Amino acid sequence: GENVEQHPSTLSVQEGDSAVIKCTYSDSASNYFPWYKQELGKGPQLIIDIRSNVGEKKDQRIAVTLNKTAKHFSLHITETQPEDSAVYFCAARSGYGNKLVFGAGTILRVKS
Amino acid sequence: NAGVTQTPKFQVLKTGQSMTLQCAQDMNHEYMSWYRQDPGMGLRLIHYSVGAGITDQGEVPNGYNVSRSTTEDFPLRLLSAAPSQTSVYFCASSPGVVPGNEKLFFGSGTQLSVL
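What counts, and where the lines are drawn
Residues numbered from 1 in each chain as written. Chains lettered and ligands numbered in written order. Predicted model: local features only at pLDDT ≥ 70, side-chain atom pairs only at ≥ 80, totals over all residues. Heavy atoms only, no water. Disulfide = S-S within 2.5 Å. Helix = DSSP H or I, 4+ residues; strand = E, 2+ residues; numbered from the N terminus. Contact = heavy atoms within 4.5 Å. Buried area = accessible area lost by both parts, 1.4 Å probe. Salt bridge = Lys/Arg side-chain N within 4 Å of Asp/Glu carboxyl O. Pairing = 2+ DSSP bridges. Axes fitted to C-alpha atoms, helices over the stretch in contact; angles between N-to-C directions.

**Focus: the state of the cysteines**
Residues and elements named next belong to chain A.
And then number 1: Per the counting criterion, the structure on display carries two disulfides over all chains.
And then number 2: Two residues, C23 and C90, share a disulfide whose sulfurs are 1.9 Å apart. One disulfide, between C23 and C90, carries an S-S torsion of -100 degrees and so falls in the left-handed class. Remark: C90 occurs in strand β9 (residues 86-94) and C23 occurs in strand β3 (residues 19-25); sequence separation between them is 67 residues.

Structure representation (structure tokens):
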């Protein structure tokens with residue numbers, strides 16, 4: 001089955017700097033890669049996603065890139081703000097349905 | 001719209017006890033699922049349902065039962081609680097499973113401790 005590895009497990013950046021979180025997946029048939037943000041005491045929320053037929057997607061300060069050959073995808077956050085502090089999860093899905101396999105998560109701390 | 005509502009928020013059980021975690025959504029979503037979140041392990045899928053009357057196993061189904069008698073509700077039953085089931089449980093739903101409809105909406109979670 002699918003396996004998703006996520007790095008780093010914790011990341012501290014200064015406000016205004018960029019943050020990058022990387023994930024690798026094992027199943028070459030995976031076709032959908034969402035990123036979820038979880039704030040303290042809340043459930044995860046989708047912030048951006050990308051499909052296997054696209055190499056990059058942007059939404060304001062957030063972007064995701066996908067390298068299918070290397071089987072890895074990354075989340076890029078520019079001009080970080082204190083409210084970006086949260087746990088971020090990557091996920092991958094192969095085949096039909098909505099069965100996501102999640103990475104272990106990255107704790108992002110933005111220092112002001 | 002309340003979204004996805006989970007009850008209770010906190011629960012303490014003794015080993016061997018049974019209980020049901022409740023999940024309800026008011027968005028008319030076809031797909032519902034249960035995940036558990038453990039430190040360093042991300043979220044792991046327990047059971048899911050693609051519609052009323054249809055359920056299937058996820059990655060870690062042992063020790064849990066589910067049913068889906070209505071579109072709105074998807075309860076998770078622990079038959080005989082074990083300390084290994086201490087975790088935070090999340091219910092999530094999506095409009096469907098086809099591309100464009102798979103965005104998951106999560107509840108706020110149930111923190112379960114089994115002593």
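**Observations concerning the interface of chain A and chain B**
And then number 1: Residue-level contacts link 19 residues of chain A with 22 residues of chain B.
And then number 2: Regarding the contact of chain A and chain B, the summed buried area is about 1700 Å², with carbon and sulfur atoms giving 57% of it.
And then number 3: Three residues, A:N98, A:K99 and A:F102, lead the burial of chain A against chain B; their summed loss comes to 33% of the area buried on that side.
And then number 4: Scanning the region where chain A abuts chain B turns up two salt bridges.

**Overview of the sheet that holds strand β7 (residues 64-66) of chain B**
Either a parallel or an antiparallel arrangement is found when strands of a sheet pair, and the pairing is made through backbone hydrogen bonds.
Residues and elements named next belong to chain B.
And then number 1: Read from one edge to the other, the open sheet built from four strands follows the order β1-β3-β8-β7, with strand pairing classed as antiparallel. With one partner strand each, in any of the chains shown, β1 (4-7) and β7 form the two edges of the open sheet. Going from strand to strand, the sheet's axes swing by 20 degrees on average, the running direction of each strand aside.
And then number 2: Here strand β3 (residues 19-25) pairs with strand β8 (residues 76-78) via three bridges, running antiparallel. In the strand pairing of β8, T20 is matched with R77.

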